[in-house]
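Structural overview for review
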Amino acid sequence: MDRSGAVAQLRRVVEEFAARYLGSAECWCVGLSGGPDSLALTAVAAHLRPTTALIVDHGLQPDSAEVAETARAQAISLGCRDAQVVCVRVGTDGGLEAAARAARYAALAERRDGPVLLAHTLDDQAETVLLGLGRGSGPRSIAGMRPYDPPWCRPLLGVRRNVTHDACRELGLTAWQDPHNDDRRFTRTRLRQEVLPLLEDVLGGGVAEALARTATALREDTDLIDTIAARALTAAAAGSGLDTAALTALPGPVRRRVIRSWLLAGGATGLTDKQIRGVDALVTDWRGQGGVAVGSAFRGQRLFAGRRDGVLTLRLEPVAKPS
């Protein structure tokens, strides 16, 4: 094998990732779509450790079953010990992209028998950072995807997408080209095809790498604040609520991280920076205002954060049915 080729490069990257994060794992799984990124990753992974390929059929295209079966056969031919097709039903919450992603991760989590390798590349990371910037989601979103977020493993986050395509060509593999990747209805597709190429042109190249470096730097800062906030959360606990006096003494970034963790533990979902800052104002700008509504995991009920007797509290209220 050419030591300087794309396959050799991917092998080195995956070996280094495994040595750093997965030394004790005797086997692993790979999330395989049949596309060039995941196909190249599967080819490399199957020659390093016993590998199970998990192929999720979202059922969103007429030939999805055929695509999934082709990917399963390719996985076996590449040396995987097993390859399974998992059919899922995609919901509607958050739009098609988000719903498909939620269904996929749930299926992978259910079927896995070890850590799961995912084929996200540096280009995917850059797109994720841009999406976070555009939505104003705060530093946690802009920090992008973690390389290792058990059980999810992303060994290719430092690798450009063209390397996986080159690896497939070296191996003589025919990868599936997802038509959704050319569908301009999807925001990520437009970022990939229009926004990033324009930024590369205007800024003179290196934009994807710069965005990925930004994600890494922010993630390091975020991890540090998370550690500090975890200790502060324990200190500020007042039963199931939070002591506002203890919160007031905290620096703003730490206080808002404490509030976020408390809200999530209380059943909040889909938190936005605006909602967290709204709850923060109950501490820093208290004027007797009402509660702040946040997304809730409780069907048919709304979750409110409020303040009473110097303590932040959570309460549930039924969603009013239309008359």
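Predicted, not measured: the structure shown is a model, and the values here were computed from it.

Rules used throughout
Residues numbered from 1 in each chain as written. Predicted model: local features only at pLDDT ≥ 70, side-chain atom pairs only at ≥ 80, totals over all residues. Heavy atoms only, no water. Helix = DSSP H or I, 4+ residues; strand = E, 2+ residues; numbered from the N terminus. Buried < 20%, exposed > 50% of the residue type's maximum accessible area, 1.4 Å probe, protein only. Areas by Shrake-Rupley, 256 points an atom, 1.4 Å probe, with all protein chains shown as cover. Lys, Arg positive; Asp, Glu negative; His and termini not counted. Charge placed at Lys NZ, Arg CZ, Asp CG, Glu CD. Pairing = 2+ DSSP bridges. Core = buried A, V, L, I, M, F, W, Y, C linked by side-chain atoms within 4.5 Å. Contact = heavy atoms within 4.5 Å. Salt bridge = Lys/Arg side-chain N within 4 Å of Asp/Glu carboxyl O. Domains from an automatic or database assignment. Axes fitted to C-alpha atoms, helices over the stretch in contact; angles between N-to-C directions. UniProt positions renumbered as here; feature names shortened; annotations may be inferred. Patch = residues over 30% accessible without salt bridge, like charges linked within 9 Å, V, L, I, M, F, W, Y side chains within 5 Å. Parallel < 35°, antiparallel > 145°, perpendicular 65-115°, else oblique. Expected span 1.5 Å × (residues − 1). Disulfide = S-S within 2.5 Å.

A look at the overall build of the protein chain
On a plain count of helices and strands, the protein chain comes out with 12 helices and 11 strands. When the backbone C-alpha atoms are referred to their principal axes, the protein chain occupies close to 70 × 45 × 45 Å. Looking at the 323 residues of the protein chain, the share that counts as buried comes to 43%. Working note: accessible area of the protein chain is about 16,800 Å², and carbon and sulfur atoms make up 51% of it. Positive and negative side-chain charges in the protein chain, numbering 40 and 37 respectively, have mean positions lying 6 Å apart.

Structural notes on the pairing of strand β1 (residues 28-31)
Going residue by residue along β1, you find Trp-28 and Val-30 tucked away on one face and Cys-29 and Gly-31 tucked away on the opposite face as well. As paired elements, β1 and strand β2 (residues 51-57) share 4 bridges and run parallel to each other. The partner of Val-30 across the bridge, within β2, is Ala-53. As paired elements, β1 and strand β4 (residues 116-117) share 2 bridges and run parallel to each other. Along β4, the bridge assignment pairs Cys-29 with Val-116.

A look at the nonpolar core
Membership of the largest hydrophobic core comes to 36 residues, with the highest contact counts inside it found for Leu-10 and Leu-117. Looking at this core, the elements with two or more residues in it are α1 (6-21), β1, α2 (36-45), β2, α3 (64-77) and α7 (161-171). With residues near it in sequence (within four places) discarded, Leu-117 still touches Leu-22, Trp-28, Cys-29, Val-30, Gly-31, Leu-41, Ala-45 and Cys-153. In terms of nonpolar packing, the next biggest core, distinct from the first, is built from 21 residues, Leu-247, Leu-263, Val-279 and Val-283 among them.

A short note on the side chain of Thr-52
Summarising the element assignment, Thr-52 is placed in strand β2. Not counting residues up to four positions away in its chain, the partners in contact with Thr-52 are Trp-28, Cys-29, Val-30, Arg-81, Asp-82, Gln-84 and Asp-113.

Looking at the pattern of salt bridges
Considering all chains together, one arrives at 22 salt bridges under this definition. The shortest N-O distance in the salt bridge between Glu-69 and Arg-72 comes to 3.0 Å. Placement of both Glu-69 and Arg-72 in helix α3 is noted, with a separation of 3 residues, approximately one turn of the helix. Look at the salt bridges and you will find they share partners, linking Asp-37, Asp-124, Glu-127, Arg-161, Arg-188 and Arg-192 into a network.

Things to note about the domain arrangement of the protein chain
Domain parsing of the protein chain yields domain 1 (6-211) and domain 2 (239-318). The centre of domain 1, based on its C-alpha atoms, is set 35 Å off from the matching centre of domain 2.

Topic: the sheet that holds strand β9 (residues 292-294)
The antiparallel open sheet is built from 5 strands, whose spatial order is β7-β8-β11-β10-β9. The open sheet has two edge strands, β7 (237-238) and β9, and neither has a second partner. Pairing of β9 with strand β10 (residues 301-308), which is carried by 3 bridges, proceeds in the antiparallel orientation. The residue bridging Val-292 from the neighbouring strand is Ala-305, located in β10. Sheet contacts for helix α11 (residues 252-265): β8 (241-243), β10 and β11 (311-318); angle to β11, the most-contacted strand, approximately 35°.

Thoughts on the sheet that holds strand β5 (residues 148-149)
Taken in spatial order, the 6 strands line up as β3-β2-β1-β4-β6-β5 in an open sheet, and their pairing is mixed. At either margin of the open sheet sits one strand with a lone partner, and together these are β3 (82-87) and β5. Contacts between α2 and the sheet are confined to β1, β2 and β4, with β1 contributing the most and set at about 160° to the helix.

Let's talk about the UniProt feature "domain: tRNA(Ile)-lysidine synthase substrate-binding" (unreviewed entry) in the protein chain
Sites flagged by UniProt as "domain: tRNA(Ile)-lysidine synthase substrate-binding" (unreviewed entry) map to residues 242-299. For residues 242-299, the helix share is 53%, the strand share is 9%, and the end-to-end C-alpha distance is 25 Å.

A few points about a nonpolar patch on the surface
A contiguous nonpolar patch, built from Leu-198, Val-202 and Leu-203 and spanning about 330 Å² of accessible area, is present on the exposed surface. Note on placement: Leu-203 falls in helix α8 (residues 187-203). With a relative accessible area of 58%, Leu-203 lands in the exposed category.

A look at the packing of helix α5 (residues 122-135) against helix α9 (residues 207-236)
Relative orientation of the contacting elements α5 and α9 amounts to 70°, with a least axis distance of 8 Å. What the angle tells us is that α5 and α9 run roughly perpendicular. Counting all contacts with α5, which are made through Leu-122, Gln-125, Ala-126, Val-129 and Leu-130, the residues of α9 involved are Ala-208, Glu-209, Leu-211, Ala-212, Ala-215 and Arg-219.

Side note on α1
Taking 1.5 Å of rise per residue, 16 residues should cover 22 Å, and α1 covers 23 Å from first to last C-alpha, within 8% of that figure. Those residues of α1 that sit buried are Ala-6, Val-7, Ala-8, Leu-10, Val-14, Phe-17 and Ala-18. Those residues of α1 that are buried lie in contact with β1, α2, β5, β6 (152-153) and α7.

Observations concerning the state of the cysteines
Here the structure, examined in full by the defined rule, presents 0 disulfides. Cysteine Cys-153 remains unbridged, with the sulfur of Cys-29 as its closest cysteine sulfur at 9.9 Å. This cysteine, Cys-168, is not joined by any disulfide, and Cys-80 carries the nearest cysteine sulfur, 13 Å off. Overall, Cys-168 belongs to the buried group, its relative accessible area being 4%.

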